[in-house]
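Given next are the chains, with one letter for each unit.
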Amino acid sequence: MGAAEVLTDPSSLYESNYMGKGDLSDTDMVITVRNTLASVQNGESYRYDELVKTMQATKNSDLEAQLVTALKALSSSVAYLDIIHHEKLLSLVFRMSLWDLKPHVMDALVGLLISLAVTTGKYLDPCLNMLIRHFLPPDWVIKRLSQPRVMKQKMEVLSRVHEALLKICILFPRAPSRILDMLPKINKKGQVVEIFVENLLKLENSLMGQDDGSKIFMMVMERLRDMDLEIDWDYIPQDDSSRGMFDMELEDAVEDNMKEGDELPVGSLTSDGNVVFESLDKLMVLSFDHLESCKLAGRLDQVFEKLFEAFEKFILDIDKIKVSQFLMLYACSLDPENCGVKFASKLMDIFLFSNKPTTRQVSPSLLWMSAMAYLASYLARGKFLPVSYVASILKRLVDECADYCRTCNDDINSDANQIFYSGCQAIMYVLCFRMRSTLAVPLFRSELIPLESILMHKLNPLKECLPWVVAEFLKQAKAGGLFVVSDSFIFDKLLESELSCGSKRLDAFFPFDPCLLKSSNSFISRNFIYWSMVRPTYDKDDDDEEDAEIIVNGDEESGEEEEDDVDHVIDKMSITPKHSFMNEMERDRLLKMPSLIRPSISPQSF
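Please read these numbers as outputs of a predicted model, since none were measured by experiment.

Please set out the side chain of Glu-472 residue by residue, giving values where relevant.
Structurally, Glu-472 is set in helix α24 (residues 467-480). Of the buried charged residues, Glu-472 lacks a salt bridge, with Lys-475 as the closest side chain of opposite charge at 5.2 Å. Side chain to side chain, Glu-472 and Gln-476 meet in a polar contact 2.9 Å long.

Explain the packing of helix α6 (residues 103-119) against helix α9 (residues 148-171) to me, using residue names and the numbers behind them.
Across the interface, α6 lies against α9 with an axial gap of 10 Å and an inter-helix angle of 20°. Of the possible angle classes, the one that applies to α6 and α9 is roughly parallel. α9 is crossed by α6, and the crossing has right-handed handedness. Seen from α6, the contacting residues are Pro-103, Met-106, Asp-107, Val-110, Ile-114, Ala-117 and Val-118; seen from α9, they are Glu-156, Val-157, Arg-160, Ala-164, Lys-167, Ile-168 and Leu-171.

Outline the packing of helix α11 (residues 191-204) against helix α14 (residues 275-296), listing residues and values.
Two packed helices can be described by the angle between their axes and the distance between those axes. Relative orientation of the contacting elements α11 and α14 amounts to 15°, with a least axis distance of 10 Å. With respect to each other, α11 and α14 are oriented roughly parallel. For the pair α11 and α14, the crossing hand works out as right-handed. Between α11, through Val-193, Glu-194, Val-197, Glu-198, Leu-201 and Glu-204, and α14, the contact on the second element is made entirely by Ser-279, Lys-282, Leu-283, Leu-286, Ser-287, His-290 and Cys-294. Classifying every residue of the contact of α11 with α14 by side-chain character gives six nonpolar, three polar and four charged.

Quick rundown of the nonpolar core? Include the residues and the values.
Ranked by size, the top nonpolar core spans 183 residues in total, and within it Met-55, Leu-116, Phe-311, Phe-343, Tyr-378 and Phe-473 carry the most contacts. If one sorts the elements of this core by residue count, helix α20 (residues 418-439) sits on top with 14 residues. Excluding anything up to four places from it in sequence, Phe-311 contacts Met-221, Leu-316, Gln-325, Met-328, Phe-343, Leu-347 and Tyr-374.

Give a detailed account of the environment of Pro-536, specifying residues and quantitative values.
Structurally, Pro-536 can be placed in the loop between α26 (518-524) and α27 (543-547). Beyond its immediate chain neighbours, meaning those up to four positions away, Pro-536 contacts Arg-436, Glu-472 and Gln-476.

Please set out the confidence of the model for the protein chain residue by residue, giving values where relevant.
Scored by pLDDT, the protein chain comes out at a mean of 78, with 71% of its residues at no less than 70. Across the protein chain, element-level confidence peaks in helix α16 (residues 326-334) with a mean pLDDT of 97 and bottoms out in strand β1 (residues 551-552) with 24. Within the model, pLDDT remains below 50 along residues 257-273, and this stretch shows 44 contacts once partners closer than five positions in the same chain are excluded. Under a pLDDT of 50 for its full length, residues 544-605 has, in the predicted model, 86 contacts with residues more than four places off or in other chains.

Explain the pattern of salt bridges to me, and be specific about the residues and the numbers.
All told, the structure shown has 19 salt bridges when counted by the stated rule. One salt bridge connects Asp-107 with Arg-160, and the closest N-O pair in it is separated by 2.6 Å. Linking Asp-107 in helix α6 with Arg-160 in helix α9, this pair joins segments that are 53 residues apart in sequence. The class for Arg-160 is buried, based on a relative accessible area of 16%. The closest approach of N and O atoms between Glu-464 and Lys-463, which form a salt bridge, is 3.8 Å. Of the residues examined, Glu-464 reaches a relative accessible area of 2% and is grouped as buried. Here the residues in one salt-bridge network are Asp-125, Arg-178, Asp-181 and Lys-215, joined through shared partners.

Lay out helix α17 (residues 336-352) in plain terms, naming residues and giving numbers.
If you check α17, its first and last C-alpha atoms are 22 Å apart, about what 17 residues at 1.5 Å a residue would give, namely 24 Å. Of the positions making up α17, those classed as buried are Cys-339, Gly-340, Phe-343, Ala-344, Leu-347, Met-348, Ile-350 and Phe-351. Down the axis of α17, the smallest arc covering the buried residues is 165°, so these residues share one side.

Thresholds applied
Residues numbered from 1 in each chain as written. Predicted model: local features only at pLDDT ≥ 70, side-chain atom pairs only at ≥ 80, totals over all residues. Heavy atoms only, no water. Helix = DSSP H or I, 4+ residues; strand = E, 2+ residues; numbered from the N terminus. Buried < 20%, exposed > 50% of the residue type's maximum accessible area, 1.4 Å probe, protein only. Lys, Arg positive; Asp, Glu negative; His and termini not counted. Salt bridge = Lys/Arg side-chain N within 4 Å of Asp/Glu carboxyl O. Polar contact = N/O pair within 3.5 Å; in protein donor to acceptor, adjacent residues only side chain to side chain. Axes fitted to C-alpha atoms, helices over the stretch in contact; angles between N-to-C directions. Parallel < 35°, antiparallel > 145°, perpendicular 65-115°, else oblique. Left-handed = near helix turned anticlockwise from the far one by under 90°. Contact = heavy atoms within 4.5 Å. Nonpolar A, V, L, I, M, F, W, Y, C, P; charged D, E, K, R; others polar. Core = buried A, V, L, I, M, F, W, Y, C linked by side-chain atoms within 4.5 Å. pLDDT = per-residue confidence, 0-100. Expected span 1.5 Å × (residues − 1). Arc of directions from axis to C-beta.

Below is the structure:
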C-alpha cells in the first residue's frame, strides 16, 4: 500500500489490526499513525484506541514488534500530537519505564522522548521528568542488584537516560537549567541513594555541570551531611580527654599492627553492619572517583569553587561531623598548588574577617571557630602541603593573634575572646605536627618569635586551650628551643598551674582526624599525616620515661578512683620532662642552618 493510498483512502484506517501489518514500510507506517492521530479530532477513535492498546503492551513479548513500530512512527509524528485530544496516549508514554523494556524497545522509546522534548518544547518538562525518574530504580531492581543480569540492565537503562538528556540539552539550550530544577531531594538510604548520587555526579560531568554544577554539588554535599549526622556515636570510640587524640592514635595503631603510613582503622565502622555507614562510605568513594575524573579532564580548579561553596553551606559550621569533610581534603590533595592553597586561604579569610557582619543563620563565633579548627587540622594533616606554605599560614596566624593582644581591652572574660583562643590553639596544634620541620628553617623559626608573648599574655590562652594540645606543644617547644628571646618562659610552672585552672575550654574538634570509614580512608591515607609518622623535637626513645612522670592529682594511685571524672583528671595533669632548655650554643647552631630546606629531603619529618 502506497503513501498516496493511505492519505486518500480513509478505509485504510479501519483495517483490522493495522499496527500488526508487516507489509507497511516505515514511511507508510508514519503516514498511517499521523492519519490515526488526525482522525481523533474528527470523532473517529477506533484506530486511536488500537494505538493506545499497543502502547500498553510493554510487558507483552508477542507485541514487542508492534510497540517498537508505533514508537518509531510517533517519533516522526510529534507535530501531529495534541495535548488535549491525545492526552491518554501521551500519559501512557510518560508513565513508561525503561526498567520494564528490552534494549531495542528502550531505544525506540528514548527516540520518541527526545523528539517530544525538542520539536516544539511543549513536552520538555514531562520528558525530562520521565527520564530523571529513572535515577531512582524500582525496588525489584535494588533487591536484585547483586545479580549480573540486573546489574547489566542498570547500565543499559542509565546509559540511555544520560545519552537522552545530553542530546536534549544540546538541541534545547533551556534544558540544563530545567533538569537542575527538577532533581528531587532524596532522603532514602542504601543502594537507592548510591545510584541517585552516582547519576548526579554524571550530570555534573556533562553540560549540566558546565551550566550550574554548584547546585549538583549542593545536593550531593547535603545528602552526605545528612547521612553523616545519622551515624550513631555509640558505634564510634570516644576521645578520652585525659589522654588526647595523640595517645589514642598511637594505641590504635599498635592494636591493629599498623605499619607507619598504613591506613589507620580508627573506629572502622563498616564492621557494625549499619547500612548508613556502608552507604556513606560508598558515596564518598563515588565522590572521590568523580574528583579524580575532573582532574583528568582539567576542570578540577573550576569544580573546587563549586565544591567549597557547598562545603561552606552544609559542612563548615556543623559540629562533630565525621566523614563528609574529607571530600575537601581529597580535592586539595589532587591539586595542592591550586586547590590546596585556595582551601587554606578561604578558611583564613573567614577568620580574618571575623569582625565583619555575616548573613548566615548561625552564631558568627561558631563559624569562625569552625574555620580555625578546619585550618589547623588541614595544615597538620595534609602531607601534600610543603612546610614553606604551612609556615606562611602560621606567620599570618601569629601576627593576627599578636595584633589582638595589642588591641584587646581589659575584658579577660573567656567567652569574649573565643576567636583569639581558637587562633592560639590552631597554632599550637599545627606545631605539634610540624614543629621539627618548621624550626629547622631559621626564617620560619624567627616568624614564631611573637608566639612567646602571645602565650604569656594576660588573656592566658594556655588556660583556655585543650590541655593535651598545650602539653604536647610545650613539650616540643621546650625540646626544640622554640622560645629563644628569653628564658622567662617557665615550662614546668605553666604545666602545673595554667593547665589546671581552665574554665570553658575550646571543643576538641579537629575535623581531619583519621577518617572513620575504611574504603574512604584508603583514598585519604596516601596523603595523610598520622601521629605515628610525626618526629617530634624530643627523643621518642625517652618518651616512655617521661610519660612515667605524669602525675595526676599528685597521687600515682589515684587513677582508678578518678577514672570517671575526666574533667577533674585533666585539670590536675602535670608533665615534668627531665631535660631542660637547649643551651645557647645549640640554639646558635640551629639558627645558622641553611635558610632553604626542602621538605622532600626528609619526607617523614613533620
